[in-house]
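Inside the fold
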Amino acid sequence: MTRPRPDIDVRPITEPELVDWLRAVKTGFLREPTVPDSELEARRSQFRPGRYLGAFDGGRCVATFKSFDQQVTAVGGAAVPADAITGVTVTATHRRRGLLTRMMARDLAAAKDRGDVVATLIAAEYPIYGRYGFGPATWMTEWTVDVPRTGLDLRRPGPDDGGRIDLVDGDDVRKLGPELHERIRRSQPGAVSRDELWWPSQTGLVRLEPPWTEPFYAAYRSPDGELEGLVSYHSDDDWHDKQPHDTASVNWLIASTPAAEGALWRYLCSIDWITRVKSGWRAPDDLLPLFLPDPRAARITAQSDWLWVRLLDVVRALEARTYAGEGALVLEVSDRDGLAGGRYRLEASTEGGSCTRTTADADLTLDVADLAALWLGDESAVRLVALGRVREERAGAGRSADALLRTSRRPWCPDIF
């Protein structure tokens, strides 16, 4: 007679279980399921009791889930406390048993109790997270630039605004990067804070994903000497028919001014032997193509949803951001998990917003996931009405919502986590 399988135990892991948890993560993401000592040491420095969840079957970790403290920049520049979710896997042998649902419910309840306003994640697969109240709040685009077609005068050295570009090394980036990133993050809706391992791991001081290939780094300084931009990139080595066909692939590029951004893109296009530049993950309305005399030289090669948001506190989320105009909306928000549902009245102006629960008639009825997609100003309520995902209870309420919520530039999350 076959013995019944014991219940699968979903619980926070202990620090000694971290190595098994990491193997399960790597197995779930189809990576080599080994954990070098150097990586384990670095990961242990991040370990926070209660924030790493595992599902255990007979002592084996078969599902994983991690969250950590994060800040997300709302429209207008406010830093909103977030529960950032990552490392989510379920081993192929244990799918369709509700393990992710159990881990997600436990984590989101704890996040709400802590006072987090939203939860965030980067979704590996699109269909999974909507059922947990997450909506895609930012998108990304990647361009490939055909350098000979750009129309740039590649004989001109350096920026034409009196600034300068210098090659720097990892030590320089670790010293200069954090302050520059914080300056940019405070003004970029959708940007997120970076943890203590981000800069060391991006510059090779800490090796989280071996093997490591040292990138090139370049810095832009304005005419008065202020650091305004940094870029990290790799290059391949592709020669055939006695001609170079090398590609510069951008790992990340941050800039606090359009002048810095344009100068760094022109620098990348001017490197000897580089015939293509791959932009990495950029905002969908990035300025890159328009920096080029021929914008058609920049071809879109990838476009996708990026940062997903789950509202945990509708009042604080709507009051954290600013608005494009003045007006009022009553929103009927459904949330099957009972974390953020209810009817809310938003009174908005260019100075900010006030949000309260109300019994007044609703203007729009929508799921919490769709409100999350609208929160950073990227999605259109009118589009969601057309799709049947948002219902107008008052004629024209979708247009009213867009007039308040949408932003002139699209939100962007430069990071993956």
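These notes cover the structure that comes with them. (Residues numbered from 1 in each chain as written. Predicted model: local features only at pLDDT ≥ 70, side-chain atom pairs only at ≥ 80, totals over all residues. Heavy atoms only, no water.)

**Description of the overall build of the protein**
Along the protein, the regular secondary structure elements total 11 helices and 21 strands. Here the C-alpha radius of gyration of the protein, 23 Å, is about what a compact globule of 417 residues would show, namely 22 Å. Here the C-alpha coordinates of the protein stretch approximately 70 × 60 × 40 Å along the principal axes. Burial status across the protein gives 52% buried among its 417 residues. Expressed as a percentage of contacts within the protein between residues at least 6 apart in sequence, the contacts between residues at least 24 apart total 72%. (Helix = DSSP H or I, 4+ residues; strand = E, 2+ residues; numbered from the N terminus. Rg over C-alpha atoms; globule rule 2.2 N^0.38 Å. Buried < 20%, exposed > 50% of the residue type's maximum accessible area, 1.4 Å probe, protein only. Contact = heavy atoms within 4.5 Å.)

**Quick word on the packing of aromatic side chains**
The description of two aromatic rings rests on the distance between their centres and on the angle between their planes. Tallied over the full model, the rule gives 12 aromatic pairs. Consider the rings of Phe 47 and Tyr 52, whose centres lie 5.0 Å apart with planes at 35 degrees: the pair is tilted. We classify Phe 47 as buried; its relative accessible area is 10%. Among the aromatic residues, those joined into a cluster by ring pairs are Trp 21, Phe 47 and Tyr 52. Arg 11 extends its terminal NZ or CZ atom over the ring of Phe 56, reaching a point 4.1 Å from the ring centre. If you follow Arg 194 out to its NZ or CZ, it ends over the ring of Trp 198, 3.6 Å from the centre. (Phe/Tyr/Trp six-rings, centres within 6.5 Å; stacked < 30°, edge-to-face > 60°. Lys NZ or Arg CZ within 6 Å of the ring centre and 35° of its normal.)

**Concerning helix H11 (residues 397–405)**
Listed in full, the buried residues belonging to H11 are Ala 397, Gly 398, Ala 401, Asp 402, Leu 404 and Leu 405. Taken down its axis, H11 places every buried residue within 165 degrees of arc, on the same side. In H11, those exposed residues whose orientation departs by more than 90 degrees from the buried face are Arg 399 and Ala 403. Summarising the contacts, the buried residues of H11 are in contact with strand S17 (327–334), strand S18 (342–349), strand S20 (364–367), helix H9 (368–375), helix H10 (381–386) and strand S21 (390–392). (Arc of directions from axis to C-beta.)

**Digging into empty space enclosed by the protein**
Summed over all chains, the structure comprises one cavity of 30 Å³ or more. Approximately 40 Å³ is the volume found for the largest cavity. For the largest cavity, the full set of lining residues is Leu 318, Leu 329, Leu 331, Leu 346, Leu 364, Leu 366, Leu 371, Leu 374, Ala 401 and Leu 405. Looking at the lining of the largest cavity, the elements with two or more residues in it are S17, S20, H9 and H11. Here the residues of the lining of the largest cavity sort into 10 nonpolar, no polar and no charged. (1 Å grid on protein atoms, 1.4 Å probe; cavity = no way out; pocket = protein on both sides within 12 Å on 5 of 7 lines; lining within 4 Å. Points joined across faces, edges and corners; volume = space filled by probe spheres on them. Nonpolar A, V, L, I, M, F, W, Y, C, P; charged D, E, K, R; others polar.)

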